[in-house]
Structure formats: C-alpha cells, structure tokens
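Read off the chains here:
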Amino acid sequence: MSDTPTPTGMPAETEADLTGVAARVAPKPEVEKIGGRKLKPSTLMMGHGYDPSLSEGSLKPPIFLTSTFVFPNAAAGKRHFEGVTGKRPGGAEGLVYSRFNGPNQEILEDRLGVWEEAEDALAFSSGMSAIATLFLAMVKPGDTIVHSGPLYAATETLIGRVLGKFGVKWLDFPAGATREEIDAVMNEAATGNVALIYLESPANPTNALVDVEAVAASRDAIFGDEKPPIAIDNTFLGPLWFQPLKHGADIVVYSLTKYVGGHSDLVAGGVLGTKAHINTIRTMRNTIGTITDPNTAWMLLRSLETLELRMSRAGENAAKVCAYLRHHPKVERVGYLGFLADEPGAERQADIYRRHCTGGGSTFSLYLKGGERESFAFLDALKIAKLAVSLGGTETLASHPAGMTHLSVPDARKQALGITDNLVRISIGVEDADDLIADFTQALEAI
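What you see is a predicted model, and the numbers here were worked out from it, not measured in a lab.

### Quick notes on the overall build of the protein
Step number 1: Looking only at helices and strands, the protein has 15 helices and 14 strands in total.
Step number 2: A compact globule built from 447 residues should have a C-alpha radius of gyration of about 22 Å, and the protein, at 23 Å, falls within 12% of that.
Step number 3: Overall, the protein is about 75 × 55 × 40 Å in size when its C-alpha atoms are taken along their principal axes.
Step number 4: Buried positions account for 55% of the 447 residues belonging to the protein.
Step number 5: Taking all contacts inside the protein whose residues are at least 6 apart in sequence as the whole, residues at least 24 apart take part in 73%.
Step number 6: As displayed, the protein has an accessible area near 18700 Å², and 56% of this comes from carbon and sulfur atoms.
Step number 7: Taken as two groups, the 42 positive and 54 negative side-chain charges of the protein have centres that lie 1 Å from each other.

Next up, the structure:
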C-alpha cells in the first residue's frame, strides 16, 4: 500500500496529537531508483507497494479475506469516511470496508499505475464494470458521448441501449478517421454537452488504430478550457506496446482479464489516470461496489510479475505466425499491426502505428477467402488453438466475432465496421510458434 502523507505535512506523531486520529501505518520507503537509475516496471512488479514487515514478514502479500477493518479510534473512522464519501478527495486514508478498499486491491492499483506512470489507478470486478463505472461517474441525462467505432460489443450496447434509455446521446467516428473527420464529429457534438470522449485502439475486432493525438488536438481546439476527458480502452496493446497517457489520453481502461491476468482464470478490470479523474470514478465505485475481490487482486499481483515475459513471447509468436498466414492461398488478408508499413492504402494507419505503438501485439484479424462456412470449418478443425472468446491468455484462442462477440450488433453496422463473416479473430499465446503454424496449416486444409 502506498504511504499517504498527513494532511498538514507534519510528522505522523504530531498530526496524531493534533487531530486525535492515529496515523496510518506506512510501509517502508519505496526503492524506485538505484544509483540514479530509474527501475523498470518489470522490476517494480516484484515488490512495489508492499512491505513484508506489515504482514508478518510474508514474502508475498497474504490474501486479506475480510469484509471490514477495525478503526484505531472513532476520529480515524470519521476521517476515513470523509475520504470514502468524497467529502475529502483522495479516498480513505486507511482501510475501511471491502467495498471501498483493501490491502490486496491497493497494492494492485499501485503496480498498475507504474506501467504507464499514471497518477492513480482503480481495480474493478470486470472490464465492463470498469467501463460502466467510468460512464456512470462522467455522464448524466442529456449529455453526449463521442466515441470511436467499432467498440467492444458490450461497450456499444452499454452506450446505445442502456445509457440511451436515460437520455445519454452518442456520436461516433471510425477508428481510422482523419483529423478532418474527427473535427466534423466533434463540432456536431459540441452543439450539446459532451461529457466524455471514449476510444478503443486497436478496435475490437478489426485491429484498426485510432489517432489519439489527433483526437486530443481536435478536442483542445474545439472545446477550449471546457474540454471533456479522453478515455481509451487499451486492452489489446497495453501496457507493453501502447501507453495512451503519453499521447493525449486522460484515462486508460483495461480488461485485466486479458494480458494483465494472462492465464484465462480470472475476470477483472482497471482504470488509470489523473488523480482528479480517478477520485471522481472512485466515488462512484464506492457507491455501487464494483471493486475487484481480494483473491482476484492477489492473482493479478502474481500475473504482473510475468507480464513482460508473457507479452513479449506472445508478440514474437504472433509475428512468426502472421508472416506464414499472410501468404497462404486460402487467406484473403491478415489484419496484423506489424504489416501496416507494407500494406498499400494503409499509410495513415502505418503512421499512427509508428507514432503510438512499440509492437504489433499478439491479437489479429484473419480474413479467410469465403464466408461463415469457411470460417466455421477452420475453427472446428483447430487442435492446439482453443475455440473460445477472450484474448491475451497463455494459450492461443480463436473466435468468430460476427457470430459470437458481436452477434448483437445490427448487421448493417457490422458491415459498416468491417466485422464480416470471413473474419476470424486470433489471440496468439506462448506455445511453440512452429506448432501453432502446423495447427493453422491443417485447419486451413480442412476448408
């Protein structure tokens, strides 16, 4: 858990004497630099935010399975609730109740923020609970959400069908939109109250990139001082291959189920950003109880220790597999970010990739020659890759977005967004790359 300074900046003993509130027990000072060298996130994942001396010397954080925490005195309880209720920004200065905070969740949030150098972070019970809490915290009836398209189907449903029932409006632009196209949508939206700009890059499942820098420039030019925050779903590439806060985003959203969890054995979400925005979202999370549970937080702490290793191996595998698939006679096209520089007509996407990304990721779109019949034949013939939704696990997964994750999206919108019947989404895992190529080869022969 991060140390929280006393409100006056006085030593803890003095503060306690003046207020009657016992100072929170703080961990030892963090080691973030050695000899002037700033430690890398992969190193900090092994201990950042945790002091073994506060947990009986346990090398790893125990799982704190408790619903409530004992206050040292009544004044401390009051002060904690001032933070929980939002009367004082920054959340509780101590442990209160597991709907609000807990040791495992706080350590996890500290480590999540390290990867993107975010000011603060929050953990949630799922990616969609993170997104829903963000929306509920930021918008009210009559507001407009401007977003890129396509989005994950559940996110589109939440905006269009759920929030729409409460008078929230939306306008969107395609993921690969130019600055001029973004400006046109922003100007139209600016006739009302734009509460949030929400992006997803790469888009699910087409892998189209959003120019976050162009969106930020458009927002700043059109809205001036009253500019709405830019939030972005960074699940596909983050935090290793893309860090949106460095390109103009204010808030980053994750399905931690995917690469961060990385073992297909948990469901969780995360939100990172400025302290001001996180405080607003935290107040909503405290109210509706969408925090992740202690056991899941503990499992995510385990996963963070190998995040860089897993993502790097999966990325290397994907590059090798895609290089093979792009020349196969039964493949129409491979939507892999690492190929953008070589694709005719993809100059703008290649430019976004060059400016924003440090790697092509391990999830891509495979467009087969044919339609649903050919896609299903390919999927049914796979022997190593698993026919399942989700992505970012240690195992390779393959699915059919048009008939599965995006089935609820109207047909006309699916066609407009390029979610076609011949599209198979593949998430490469950490298996042997040549074994995966052998599996895809025999599955393609079954078409």
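Next, the rest of the story.
### Considering the pattern of salt bridges
Step number 1: Applying the stated criterion across every chain yields a total of 24 salt bridges.
Step number 2: Glu305 serves as the salt-bridge partner of Lys60, at 2.5 Å between the closest nitrogen and oxygen. With a gap of 245 residues between them, Lys60 in the loop between helix H2 (41-44) and helix H3 (74-84) and Glu305 in the loop between helix H10 (294-304) and helix H11 (307-325) connect regions that are remote in the sequence.
Step number 3: Judged by relative accessible area, Glu305 falls into the partly exposed class, the value being 23%.
Step number 4: For Arg348, the salt bridge is made with Asp211, and the minimal N-O distance between the two is 3.1 Å. Here Asp211 lies in the loop between strand E6 (194-200) and helix H8 (212-223) and Arg348 lies in helix H12 (residues 347-356), a separation of 137 residues in the sequence.
Step number 5: For Arg348, a relative accessible area of 28% puts it in the partly exposed group.
Step number 6: Connected through salt bridges with shared partners, the residues Asp211, Glu213, Arg348, Asp351, Arg354 and Arg355 form a single ionic network.

### A look at the sheet that holds strand E11 (residues 363-368)
Step number 1: The strand order across the open sheet built from 5 strands is E10-E11-E14-E13-E12, with neighbouring strands paired in mixed fashion. Because the sheet does not close on itself, it has two edges, and the strands there are strand E10 (331-335) and strand E12 (386-387).
Step number 2: Across 3 bridges, strand E13 (residues 397-399) lies against strand E14 (residues 423-427) in antiparallel orientation. In the sheet register, Ala398 faces E14, and the bridge partner there is Ile426.
Step number 3: Packing of H11 onto the sheet brings it into contact with E10 and E11, and relative to E11 it is tilted by some 10°.

Parameters and conventions
Residues numbered from 1 in each chain as written. Predicted model: local features only at pLDDT ≥ 70, side-chain atom pairs only at ≥ 80, totals over all residues. Heavy atoms only, no water. Helix = DSSP H or I, 4+ residues; strand = E, 2+ residues; numbered from the N terminus. Rg over C-alpha atoms; globule rule 2.2 N^0.38 Å. Buried < 20%, exposed > 50% of the residue type's maximum accessible area, 1.4 Å probe, protein only. Contact = heavy atoms within 4.5 Å. Areas by Shrake-Rupley, 256 points an atom, 1.4 Å probe, with all protein chains shown as cover. Lys, Arg positive; Asp, Glu negative; His and termini not counted. Charge placed at Lys NZ, Arg CZ, Asp CG, Glu CD. Salt bridge = Lys/Arg side-chain N within 4 Å of Asp/Glu carboxyl O. Pairing = 2+ DSSP bridges. Axes fitted to C-alpha atoms, helices over the stretch in contact; angles between N-to-C directions.

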